[in-house]
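What the coordinates show
Spelled out from the first residue to the last, the chains are:
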Amino acid sequence: MRIFAKLITTLLLAASSSLAAPSKGCAYKVKEEINPPRGWTKHASAPADHLISLRFGLPQENFRTLEKHLYEVSDPAHSRYGQHLSKEEVEALVTPHPDSLSAVNNWLAGFNLKEDLNRSPAKDWVTIKVPVSLAEKMLDTKYYIWRHTESGDELVRTTSYSLPIDLHDHIEVVQPTTIFGRFRPAKSTISFIEDGDTVSASDLSNAEKIVAGESGVTVDASCNTTITVTCLKQLYNAVGVVPSGDSRNSIGVTGYLEQFANIQDLQSFFADQVPAAVNSTFKFESVVGGLNTQNLSQAGDEANLDVQFAFGISNPVPATFFSTAGRPPFNPDVRTTTNTNEPYSDWLDFILKQENPPHVISTSYGDDEQTVPQSFANRVCAGFAQLGARGVTLTFSSGDNGVGDGDANPATQKCITNDGRNATRFIPLFPAGCPFVTSVGGTASVPEVAVSRFFSGGGFSDYFARPLYQEVAVSQYLASLPKGTYAGLFNPHGRGIPDVAAQSDRFRIFLGGRIASIGGTSAASPTFAGFVALLNDARIKAHKPPLGFLNPLIYSIGASTFNDITVGHNSGCGTTGFNVTKGWDPVTGLGTLNFEKLKDVITSPFVL
Ligand SMILES: *[C@@H]1O[C@H](CO)[C@@H](O)[C@H](O)[C@H]1NC(C)=O
Ligand SMILES: *[C@@H]1O[C@H](CO)[C@@H](O)[C@H](O)[C@H]1NC(C)=O
Ligand SMILES: *[C@@H]1O[C@H](CO)[C@@H](O)[C@H](O)[C@H]1NC(C)=O
Ligand SMILES: *[C@@H]1O[C@H](CO)[C@@H](O)[C@H](O)[C@H]1NC(C)=O
Ligand SMILES: *[C@@H]1O[C@H](CO)[C@@H](O)[C@H](O)[C@H]1NC(C)=O
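The model shown is predicted, which means the values in this text are computed figures rather than measured ones. (Residues numbered from 1 in each chain as written. Chains lettered and ligands numbered in written order. Predicted model: local features only at pLDDT ≥ 70, side-chain atom pairs only at ≥ 80, totals over all residues. Heavy atoms only, no water.)

1. Topic: the site of ligand 4
In the region of ligand 4, the neighbouring residues are Arg38, Gly420 and Asn422. Arg38 places a polar side-chain atom, nitrogen or oxygen, 2.9 Å from an oxygen atom of ligand 4. With respect to ligand 4, the side chain of Asn422 contributes an N or O atom lying 2.4 Å from an oxygen atom. In the complex, the protein chains occlude 28% of the 360 Å² of accessible area that ligand 4 would expose alone. (Near = heavy atom within 4 Å. Polar contact = N/O pair within 3.5 Å; in protein donor to acceptor, adjacent residues only side chain to side chain. Areas by Shrake-Rupley, 256 points an atom, 1.4 Å probe, with all protein chains shown as cover.)

2. A short note on the nonpolar core
In this structure, Leu54, Phe56, Trp347, Phe384 and Phe578 are the most contacted members of the largest nonpolar core, which totals 158 residues. Formed jointly, this core draws a minimum of three residues from each of two domains, domain 1 (25-60 + 95-179) and domain 2 (190-324 + 359-602). (Core = buried A, V, L, I, M, F, W, Y, C linked by side-chain atoms within 4.5 Å. Buried < 20%, exposed > 50% of the residue type's maximum accessible area, 1.4 Å probe, protein only. Domains from an automatic or database assignment.)

3. Some remarks on the sheet that holds strand β2 (residues 40-45)
One open sheet holds the 3 strands; their spatial order is β2-β6-β7, and the pairing between them is antiparallel. Sheet topology places β2 and β7 (154-157) at the edges, where each strand pairs with a single neighbour. Taking the axes of each pair of neighbouring strands and ignoring which way they run, one obtains an average angle of 35 degrees across the sheet. Bridge count for β2 against strand β6 (residues 144-148) is 5 bridges, and the pairing is antiparallel. Directly across from Lys42, in β6, lies its bridge partner Trp146. (Pairing = 2+ DSSP bridges. Helix = DSSP H or I, 4+ residues; strand = E, 2+ residues; numbered from the N terminus. Axes fitted to C-alpha atoms, helices over the stretch in contact; angles between N-to-C directions.)

4. Brief notes about the environment of Leu235
As for its placement among the helices and strands, Leu235 is situated in helix α7 (residues 229-235). The exposure class assigned to Leu235 is buried, which follows from its relative accessible area of 3%. Between the alpha carbons of Leu235 and Ser133 there is a distance of 57 Å; along the sequence they are 102 residues apart. Residues contacting Leu235, with those up to four places away along its chain left out, are Ala212, Val217, Val219, Ile227, Val446, Glu448, Gln503, Asn563 and Leu593. (Contact = heavy atoms within 4.5 Å.)

5. With respect to helix α2 (residues 63-74)
Taking 1.5 Å as the rise per residue, α2 with 12 residues should run 16 Å; its terminal C-alpha atoms sit 16 Å apart, in good agreement. For α2, the set of buried residues is Phe63, Leu66, Glu67, Leu70, Glu72, Val73 and Ser74. Buried residues along α2 sit against α3 (87-94), α11 (374-389) and α14 (551-554). (Expected span 1.5 Å × (residues − 1).)

6. As for the state of the cysteines
Tallying each qualifying case throughout the model produces 3 disulfides. Paired through a disulfide, Cys223 and Cys231 show a sulfur-sulfur distance of 2.1 Å. In this structure, the disulfide formed by Cys223 and Cys231 twists by about -90 degrees around the S-S bond and is classed as left-handed. Each member of the pair Cys223 and Cys231 is classed as buried. Paired through a disulfide, Cys381 and Cys434 show a sulfur-sulfur distance of 2.1 Å. Negative torsions about the S-S bond denote left-handed disulfides, and the value of about 80 degrees found for Cys381 with Cys434 makes this one right-handed. With a gap of 53 residues between them, Cys381 in helix α11 and Cys434 in the loop between β20 (429-430) and β21 (438-444) connect regions that are remote in the sequence. Numbered in order of appearance, the disulfide-bonded cysteines of the protein are paired 1-2, 3-5, 4-6. (Disulfide = S-S within 2.5 Å.)

7. Some details on the side chain of Asp505
For Asp505, the location among the structural elements is in the loop between β25 (500-503) and β26 (507-511). One polar contact links Asp505 to Arg453, side chain to side chain, over a distance of 2.7 Å.

8. Things to note about the layout of surface pockets
If a probe the size of a water molecule is rolled over the atoms, the empty space left behind becomes visible. The calculated volume of the largest pocket comes to roughly 680 Å³. Along the wall of the largest pocket there are 32 residues; nearest its centre are Asp368, Glu369, Gln370, Thr371 and Asn418. Looking at the lining of the largest pocket, the elements that each hand over two or more residues are β1 (28-33) and β23 (459-465). Across the lining of the largest pocket, the residue classes break down as 9 nonpolar, 10 polar and 13 charged. Shared between two domains, the lining of the largest pocket holds at least three residues of each, these being domain 1 (25-60 + 95-179) and domain 2 (190-324 + 359-602). (1 Å grid on protein atoms, 1.4 Å probe; cavity = no way out; pocket = protein on both sides within 12 Å on 5 of 7 lines; lining within 4 Å. Points joined across faces, edges and corners; volume = space filled by probe spheres on them. Nonpolar A, V, L, I, M, F, W, Y, C, P; charged D, E, K, R; others polar.)

Functional significance is not addressed by these values, which are geometric in nature.
Written as structure tokens, this is what we have:
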């Protein structure tokens, strides 16, 4: 027996050392290839000296183990619930095998790339600035300038790249190569209130009360046309709930695409809607040089909406706004490095380095899933899992285009697959479809119905399989559909989107010194995150850890605390989309929050 075991060890060592052999002169093999993306045309060769920031993703050795830990510490029925992993524990689980590290190092050294290698804390990503000419040599490919027909945006990309055969097991993904995402904010509509209008939020709320629906709570009648922080606290059963400013609690909002959160607007908003918060502000974190210009005329509608509502609901919980640099249109002729990767990975590198990331973080941006290559989407999603394992709740807007953007039209890329078949398809949104985030759909009106001025993003991921935590809820919904409904238009085995919903229309914000009314599931994500911060406050007061990755909790013992939304649907792709039903549905998920009810569950002695 012993000898046999020893023999195996020797064989394994032999195998792994041959994998680690230098790959110089080794034959190349295609690593990834995509169809020319819809809506983009090849415009010209990329300039040889154009600098790009090339990212290599090395395999995360023990990701399955990390995932197992994540589910255990997030499952309220498990004895490890709430025992989140430390930064070091998570890093140890995603660090690549030493063979992968040395194989990649040797290969890069062969191109004289030794210094200026930028590594993620777990060493699972290596980033290096190289001119296009070198990237083409390394990846045996040719880069072109691609132009987006509709917007004129340009990207330097390729539709195929190769790696030495020996390295295929040591490098999972290289970008920017095949990503054609046009990452956008999920805000839909905005209109300014006439300058002559001097009615304050408190004047609005002195009106009569209306009943919110099944929860039976009463709400100011004005909430049916104008959503304020007061309305949301009424609707979600948190009237008068003010958390402590305990430094152990925290909330964050991400900003991209030069969306700046204006502090003067935030003060006006506080004065109007949360007077006790006046003079408090957020901490600003710049990611890869992201700015937060305080020029009032550059205040961002998305950023202002997100910080005003997330931080207005949760004040005085310590708040952080992250601004990550990079935005289209990218100018491929400029000699400075342009980092045109979809920017979640830059943000992830940054946040995973922090010892104490905020306990809940809201993001209101997304891409069509098919514009982000699956290999890259998997890695970004795995980054979100790492945050979840460390006890961070991540909320994402589910999008504003119902089951898909526009009418199925072969001339545009809308609702048509990019897999070579040109099939009509409900195109889900990424990252809302990542199973490790909580995706938030949209409602409107009192009583609440699925939003209809635009349509709540929802459906099923084509990349990510349905996670166990939503198996019962989603299969119940699918069983209720008439046989053959939308056959071939969606993946009935995919992760269902969204998980929950919140109000998403007619939010009263301050923008550039003026009062505006804004709508989009962009409003729903920061709203939900604000309430998660209040729930975490209750957890801290009960001497319990923060909620962390929320989905296993809300699909099990938390599910009955949600207000089920049962009216509406989410049109898209020339169809009426899915209908809202009793229980989970791909429009409003489990429904909207009942704070007091969920608080009772998460502070009960039965939930660790
Ligand atoms: C709120 O407005 C919607 C239409 O926007 C209307 O159907 C509903 O009846 C109103 N709610 C109340 C309580 O008046
Ligand atoms: C905010 O700060 C200003 C200037 O320091 C002060 O006059 C005002 O009383 C403060 N307001 C609140 C509500 O703390
Ligand atoms: C503020 O932003 C506007 C619009 O971008 C610009 O025209 C103006 O010059 C800026 N002002 C300052 C002081 O930078
Ligand atoms: C799919 O659409 C593209 C662009 O419109 C076209 O070039 C291609 O021939 C189509 N393929 C099929 C299989 O219809
Ligand atoms: C939605 O409901 C309408 C009206 O009851 C019905 O005609 C339609 O078939 C339903 N659609 C789906 C996808 O269930």
